[in-house]
Amino acid sequence: AVAPVAAGPPAPVPPAAVPVAAFRVRGVRPAVLPGKNIGDYSSAELRDMVRWVLSDGTLPTNEEIVVEVTRELGFHRRGTRIVVAIEAAIRSVRP
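Predicted model, so just to flag it, every value in this text is computed and none were measured.

A.B. asks: Please provide a residue-by-residue account of the overall build of the protein, values included.
C.D. replies: A count of helices and strands for the protein gives three helices and zero strands. N-terminal to C-terminal, the α/β element order of the protein is α-α-α. For the protein, buried positions account for 26% of its 95 residues. Contacts in the protein between residues at least 24 apart in sequence constitute 58% of all its contacts with a sequence separation of at least 6. Accessible surface computed for the protein: about 6700 Å², of which carbon and sulfur atoms make up 62%.

In structure tokens form, the structure reads like this:
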């Protein structure tokens, strides 16, 4: 015989099982087009992207910001020039 299944609402998902990224709410993404060469982005555009990544209220490390901005700008590799440019933007935005 099969045991009856208790009716009722499903059990809540424990907080640890919900990815942190699911709670990120950022402001409107800056109108910075992906796919250009890093040298074609102005320092203002890179600062805008850094501010946008920070707008969700989390406290990402500089490395996490570099990864996120790199991805958002469409880069598939992280060359030295890309990292240096984004790190300069981070330094100018973060106190």
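A.B. asks: Which residues make up the nonpolar core, and what values go with them?
C.D. replies: Counting residues in hydrophobic clusters, the biggest one holds 18 residues, and the most contacted among them are Tyr-41, Val-69 and Leu-73. Within the residue set of this core, elements represented by two or more residues are α1 (43–54), α2 (62–72) and α3 (80–93). Not counting the four nearest positions on each side in its chain, Tyr-41 is found in contact with Val-32, Leu-33, Pro-34, Gly-35, Lys-36, Leu-46, Leu-73 and Phe-75.

A.B. asks: Go over the side chain of Thr-70 with me, naming the residues and quoting the values.
C.D. replies: Along the chain, the position of Thr-70 falls in helix α2. When neighbours within four sequence positions are excluded, Thr-70 is seen to be in contact with Phe-75, Arg-77, Arg-78, Ile-82 and Ile-86.

A.B. asks: Now, about the packing of aromatic side chains: what can you tell me, with residues and values included?
C.D. replies: Each aromatic ring pair is characterised by the separation of its centres together with the angle its planes make. A full pass over the atoms with the stated rule returns one aromatic pair. Sitting over the ring of Trp-52, Arg-26 keeps its end group 4.7 Å from the ring centre. Residue placement shows Arg-29 over the ring face of Trp-52; its charged tip is 5.8 Å from the ring centre.

A.B. asks: Break down the pattern of salt bridges for me, citing the residues and quoting the values.
C.D. replies: Tallied over the entire structure, the rule returns eight salt bridges. Residues Asp-56 and Arg-26 are paired through a salt bridge, measuring 3.6 Å at the closest nitrogen-oxygen approach. Of the two residues, Asp-56 sits in the loop between α1 and α2 while Arg-26 sits in the segment before α1, which places them 30 residues apart along the sequence. For Asp-56, a relative accessible area of 13% translates into the label buried. A single salt-bridge network, built from bridges that share partners, covers Arg-26, Arg-29, Asp-56, Glu-68, Arg-71 and Glu-72.

A.B. asks: Explain the packing of α1 against α3 residue by residue, including any values.
C.D. replies: Two elements in contact, α1 and α3, have axes separated by 9 Å at closest approach and are oriented at 65°. Here α1 is positioned roughly perpendicular relative to α3, judged by the angle of their axes. Of the two elements, α1 crosses α3, and the hand of that crossing is right-handed. Taking contact as the criterion, the partners of Leu-46, Arg-47, Val-50, Arg-51 and Leu-54 in α1 are, on α3, Ala-85, Ile-86, Ala-89, Ile-90, Ser-92 and Val-93.

Definitions and cut-offs
- Residues numbered from 1 in each chain as written.
- Predicted model: local features only at pLDDT ≥ 70, side-chain atom pairs only at ≥ 80, totals over all residues.
- Heavy atoms only, no water.
- Helix = DSSP H or I, 4+ residues; strand = E, 2+ residues; numbered from the N terminus.
- Buried < 20%, exposed > 50% of the residue type's maximum accessible area, 1.4 Å probe, protein only.
- Contact = heavy atoms within 4.5 Å.
- Areas by Shrake-Rupley, 256 points an atom, 1.4 Å probe, with all protein chains shown as cover.
- Core = buried A, V, L, I, M, F, W, Y, C linked by side-chain atoms within 4.5 Å.
- Phe/Tyr/Trp six-rings, centres within 6.5 Å; stacked < 30°, edge-to-face > 60°.
- Lys NZ or Arg CZ within 6 Å of the ring centre and 35° of its normal.
- Salt bridge = Lys/Arg side-chain N within 4 Å of Asp/Glu carboxyl O.
- Axes fitted to C-alpha atoms, helices over the stretch in contact; angles between N-to-C directions.
- Parallel < 35°, antiparallel > 145°, perpendicular 65-115°, else oblique.
- Left-handed = near helix turned anticlockwise from the far one by under 90°.

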